[in-house]
Each structure stands twice: as structure tokens, then as C-alpha cells.
Amino acid sequence: MLNVRSDLFVGESLKEKYQKLLPRIAKGKKVKKGITMITYAVNGNDLFDLIPAKEMKLSVRQEQNLYVLGLAGNRREAFFLVQEMVMEVYEKTGGFDVRGYFGFG
């Protein structure tokens, strides 16, 4: 199940179309190759996971409670978004508690 942050971080390449993509991703439907979700790390130890959107068609992903914080058109763009997210957390809090800063999950 996907839980999407209300003010999602979105890569430049998806600014115009991300709202149409989210329902398709959540249902595990086919989306453009390379689209990457930025989620809280499933293992609880790392800050984030970068998950290809195409993995949502897998039953194991459908069963997981994923908290989507960002959506990027490709992995490289996802790395830039993660950098932006971490910098925002650090500048506002002086630390790296992303779950505390962004909420849910």
C-alpha cells in the first residue's frame, strides 16, 4: 500500500504528470521506465529507499506499507531530490531525523 506525502518532492521531469502517475503506480500498472519512488527505508536503519515504480506490480511491494516522500523520473533525479530533502531536514533541525521532520511512518 502506498501512503503519499501531501507535499510530495517531485523531480523536474515529472512536475506536469506526477498526479496522473500516482494512481497507476499504486495499482501496479505499467509506467515509464526509470520512474523512481523515494520512500522511508523499509529496514528502519537507513534514511530512504529508492524503489523503481515498476516494482509495485510485485505482490511483496503491494503488501508493504510504503511511505512515499518523493517521485523522480529516473534514479539520477532521485539522488538530487534525496540531497534536497536531507539538506532541508538538516537546515531546519540540525539533525537527520527525516521521519520526525516529514511525519507519518
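Structure first, text after, so check above.
Everything numeric here is computed off the predicted structure, so don't read it as measured data.

1. Quick look at a positive patch on the surface
Point 1. Where like charges cluster on the molecular surface, the positive patch consists of K30, K33, K54 and K57.
Point 2. With respect to the secondary-structure elements, K30 resides in the loop between helix 1 (18-26) and strand 2 (36-40).
Point 3. According to the relative accessible area criterion, K30 is exposed, its value standing at 72%.

2. Looking at the nonpolar core
For soluble globular proteins, nonpolar side chains are generally found buried alongside one another.
Point 1. Among the nonpolar cores identified, the biggest contains 16 residues, and L2, I25, I35, M37 and L71 are the most heavily contacted of them.
Point 2. Elements represented by at least two residues in this core include exactly strand 1 (2-10), helix 1 and strand 4 (66-72).
Point 3. Ignoring anything within four residues of it in the chain, the contact list for M37 reads L2, I25, D49, L50, I51, P52, A53, M56, L66, V68, G70 and L71.
Point 4. Among the nonpolar cores identified, the runner-up in size contains 15 residues, and I38, L50, A72 and L81 belong to it.

3. Notes on the sheet that holds strand 2
Point 1. The strand order across the open sheet built from four strands is 1-4-2-3, with neighbouring strands paired in mixed fashion. Single-partner strands in this sheet number two, and they are strand 1 and strand 3 (48-52). If you compare each strand with its neighbour and ignore which way they point, the axes differ by 35 degrees on average.
Point 2. Two elements, strand 2 and strand 4, share four bridges in a ladder whose sense is antiparallel.

4. Focus on the pairing of strand 2
Point 1. Of all five residues in strand 2, five are buried; the element is thus mostly enclosed.
Point 2. Of the strand pairs in this sheet, strand 2 and strand 3 are connected by five bridges, and their pairing is antiparallel. Directly across from I38, in strand 3, lies its bridge partner L50.

5. Quick look at the side chain of R5
Point 1. Summarising the element assignment, R5 is placed in strand 1.
Point 2. Take R5: its relative accessible area is 11%, and that puts it in the buried class.
Point 3. A distance of 2.8 Å separates the side chain of R5 from the backbone oxygen of D7, its partner in a polar contact.
Point 4. Among all residues touching R5, those that are not within four sequence positions of it are V68, L69, F102 and F104.

Rules behind the numbers
- Residues numbered from 1 in each chain as written.
- Predicted model: local features only at pLDDT ≥ 70, side-chain atom pairs only at ≥ 80, totals over all residues.
- Heavy atoms only, no water.
- Patch = residues over 30% accessible without salt bridge, like charges linked within 9 Å, V, L, I, M, F, W, Y side chains within 5 Å.
- Areas by Shrake-Rupley, 256 points an atom, 1.4 Å probe, with all protein chains shown as cover.
- Salt bridge = Lys/Arg side-chain N within 4 Å of Asp/Glu carboxyl O.
- Lys, Arg positive; Asp, Glu negative; His and termini not counted.
- Charge placed at Lys NZ, Arg CZ, Asp CG, Glu CD.
- Helix = DSSP H or I, 4+ residues; strand = E, 2+ residues; numbered from the N terminus.
- Buried < 20%, exposed > 50% of the residue type's maximum accessible area, 1.4 Å probe, protein only.
- Core = buried A, V, L, I, M, F, W, Y, C linked by side-chain atoms within 4.5 Å.
- Contact = heavy atoms within 4.5 Å.
- Pairing = 2+ DSSP bridges.
- Axes fitted to C-alpha atoms, helices over the stretch in contact; angles between N-to-C directions.
- Polar contact = N/O pair within 3.5 Å; in protein donor to acceptor, adjacent residues only side chain to side chain.

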